[in-house]
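# What the coordinates show
Next come the chains, spelled out residue by residue.
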Amino acid sequence: SLKLREVASMYFTAVAVLMVILVVALQGSLPRGNDFPYKVPLDPQGLLELSWNVSYPQQALHFQLLVREPRAGLLFGMSDRGEFENADLAVLWSDGRSSYFGDAWSDAKGQLHLDSQQDYQLLGARKAPEGLYLLFRRAFSTCDPKDYLIEDGTVHLIYGILEKPVPSLQAINVSALPRGLQRVQLLKPNISIPELPRDMETMEITAPGVVIPSQETTYWCYMAELPDGFPKHHIIKYEAVITAGNEALVHHMEVFQCAAEFDSFPHYSGPCDSKMKPERLNYCRHVLAAWAMGAQAFYYPEEAGLAFGGPGSSRYLRLEVHYHNPLVIKGRRDSSGIRLYYTARLRPHDAGIMELGLVYSPVMAIPPGQHSFTLTGYCTDKCTQLALPAAGIRIFASQLHTHLAGRKVVTVLARAGREQQVVNADGHYSPHFQEIRMLKEVVAVFPGDELITTCTYNTEDRSRATVGGFGIMEEMCVNYVHYYPQTQLELCKSAVDPGYLHRYFNLVNRFNDEEVCMCPQVSIPQQFYSVPWNSFNREVLSSLYAFAPISVHCNESSAVRFPVGTAPSPLPS
């Protein structure tokens, strides 16, 4: 039989006895298996499966970890970006005679240490035909400097498997373990699920019979279409449909609606980066649904639904599935996708999607070698004053987006020059984990309000500037907010005024021996690439973005701009 006790029991027998009594006393109040609404596989083979629930009154999480093939132990924990150095860990290990459980931490070299404050609280363990279940508890905040602070947004979970007994915790060689990471949103919002209508219908957008390529990362595109004459409906819910056995391989999925100006789109099922992919598929970019591993079903508020079908709406949809196959498994077939729940009985409001942040422009750039560099985009008071109804709009969900250098994203609402509330924030953002997240509370935005989106980037691994743009090695700073009632405003963003950027290049030329060519035929990216990136040039660019006037983009869905004027606008105070 497996004996589980706090690590402290190695030193004090009395503590072990008290621990057994405590676990027995807690049995009546332990969460049951069906009390864990959230679930995610930790490893690509699905040998470790984590389930959890969130208690906001207790400010704590309860975890249930299923170990399908128990060995000599395991590590489970959290770290800033998924590293095994400076990590906060719960460790189960065996010395060959007894098994121990304890709260530990790793130092900058990855060496494990027993934590003097035991905040991973083991509540129980049981063997079952499918494996070993461990049940433990962890507070959001422990006031322990060695512990990870669990916040809203992305959490990088890490795991390691001990294959052989070890004489002590300190003897565990973390670098030699089979190990990995999984990204999740642990603190799910506590939102009541709206009642669904009886006349609700479903539609599955799935890519049939895909043979998952035997490579680590694949983005698969599949075209689908709505029936001829499909009238306007409201999407009121959607959820993932995952082929059984592929839960650890399907990383995230999105359904896009195509541009209505094209009468038809070619059929296609294949890698999104293939040269055989028809060019026209690039015009399928209007997000209808997005799911990432660990996400539950997405519900629209009872007052609104996302319109699709009917006049002015394309019949064509593009499903994009991201397969993460680090073990390079061959021959696995998949038919995963997204199930839409929709109704012909339209709700009071159409939901809309609005882009906030920075314009996709090379005038916004990040110097190379930066640990932390911020860029900010503004949805200005002039734009919301013109484009929003007097009663305002209600934001209920948000999808943050950058490319590979993004590390943090936050959008705040400001009114009369004062910050009112955070719309959405992710201090551990990863471009490899993007999902539409329901907000804990609906955010009301009124005419004259400002929405300010700030992104933080890391370019320590890059030798030249990273400019804004559509390429994966270029950068974006976007928050797609989901709101109701829908307005004509689809894009509310900014970029630095190009005239002030020209002044920056002139200044660089005055104080540096290496000259940046100001010739009209030289592109802005080329000018940034030729800047000698010393500390002076980096700090001046950062200061420029912090005070220079901006070019405001306040656009309708047809790309027509609201009349906010073309003159540069001062930064909101």
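Residues numbered from 1 in each chain as written. Predicted model: local features only at pLDDT ≥ 70, side-chain atom pairs only at ≥ 80, totals over all residues. Heavy atoms only, no water.

### Let's talk about the state of the cysteines
How we decide: A pair of sulfur atoms, both from cysteines and within 2.5 Å, is called a disulfide here. Only DSSP runs of H or I covering at least 4 residues are called helices, and only runs of E covering at least 2 are called strands; the numbering of each starts at the N terminus. Residue exposure (1.4 Å probe, protein chains only): buried if accessible area is under 20% of the type maximum, exposed if over 50%, otherwise partly exposed.
Applying the stated rule across the entire model yields five disulfides. Two residues, Cys 258 and Cys 284, share a disulfide whose sulfurs are 2.0 Å apart. For the disulfide bridge between Cys 258 and Cys 284, the dihedral angle about the S-S bond is near 90°, and by the sign convention the bridge is right-handed. Note that Cys 258 is positioned in strand β16 (residues 250–258) and Cys 284 in strand β18 (residues 284–292), a separation of 26 residues in sequence. Cys 284 shares its class with Cys 258; the two are buried. Two residues share a disulfide in this structure: Cys 455 and Cys 477, whose sulfurs sit 2.0 Å from each other. In this structure the cystine formed by Cys 455 and Cys 477 twists about its S-S bond by roughly 90°; its chirality is therefore right-handed. With Cys 455 in strand β32 (residues 450–457) and Cys 477 in the loop between β33 (466–467) and β34 (478–484), this residue pair connects regions lying 22 residues apart in the sequence. As far as burial versus exposure is concerned, Cys 455 and Cys 477 are alike and both buried.

### Description of the sheet that holds strand β10 (residues 154–162)
We apply this condition: In short, DSSP must find at least two bridges between two strands for them to pair. Between the N-to-C directions of two axes lies an angle of 0 to 180 degrees, each axis being a line fitted to C-alpha atoms and, for a helix, fitted only over the stretch in contact.
Taken together, six strands build an open sheet; the order of strands is β7-β6-β5-β4-β10-β11 and the sheet is antiparallel. Edge positions in the open sheet fall to β7 (112–114) and β11 (179–185), since each of these has one partner strand only. Shown here is a sheet whose adjacent strand axes are inclined to one another by a mean of 30°, direction ignored. Where strand β4 (residues 73–79) lies against strand β5 (residues 88–94), six bridges are found, and the strand directions are antiparallel.

### Quick word on the UniProt feature "domain: DOMON" (unreviewed entry) in the protein
Convention followed: UniProt positions are given in the numbering used here, feature names are shortened, and annotations may be inferred rather than shown by experiment.
The UniProt record annotates "domain: DOMON" (unreviewed entry) at residues 46–162. Between the end C-alpha atoms of residues 46–162 there is a gap of 16 Å, over a span that is 0% helix and 57% strand.

### Points about the layout of surface pockets
Quick note on the threshold: Cavities and pockets are found on a 1 Å grid laid over the protein atoms alone: a cavity is a set of points where a 1.4 Å probe fits but cannot escape, a pocket is an open set with protein on both sides within 12 Å along at least five of seven lines, and a lining residue has an atom within 4 Å of such a point. Grid points are joined across faces, edges and corners, and a volume is the space filled by probe spheres set on the points. Residue polarity follows a fixed list, in which Ala, Val, Leu, Ile, Met, Phe, Trp, Tyr, Cys and Pro are nonpolar, Asp, Glu, Lys and Arg are charged, and the others, Gly among them, are polar.
For the second largest pocket, the calculated volume is near 760 Å³. In terms of lining residues, the second largest pocket is bounded by 35 residues, among which Pro 189, Asn 190, Ile 191, Ser 192 and Met 438 are the most central. Within the residue set of the lining of the second largest pocket, elements represented by two or more residues are β2 (48–55), β18, β19 (298–299) and β31 (437–445). Per-element tally for the lining of the second largest pocket: the top contributor is β31, with six residues. Looking at the lining of the second largest pocket, its residues break down into 23 nonpolar, five polar and seven charged.

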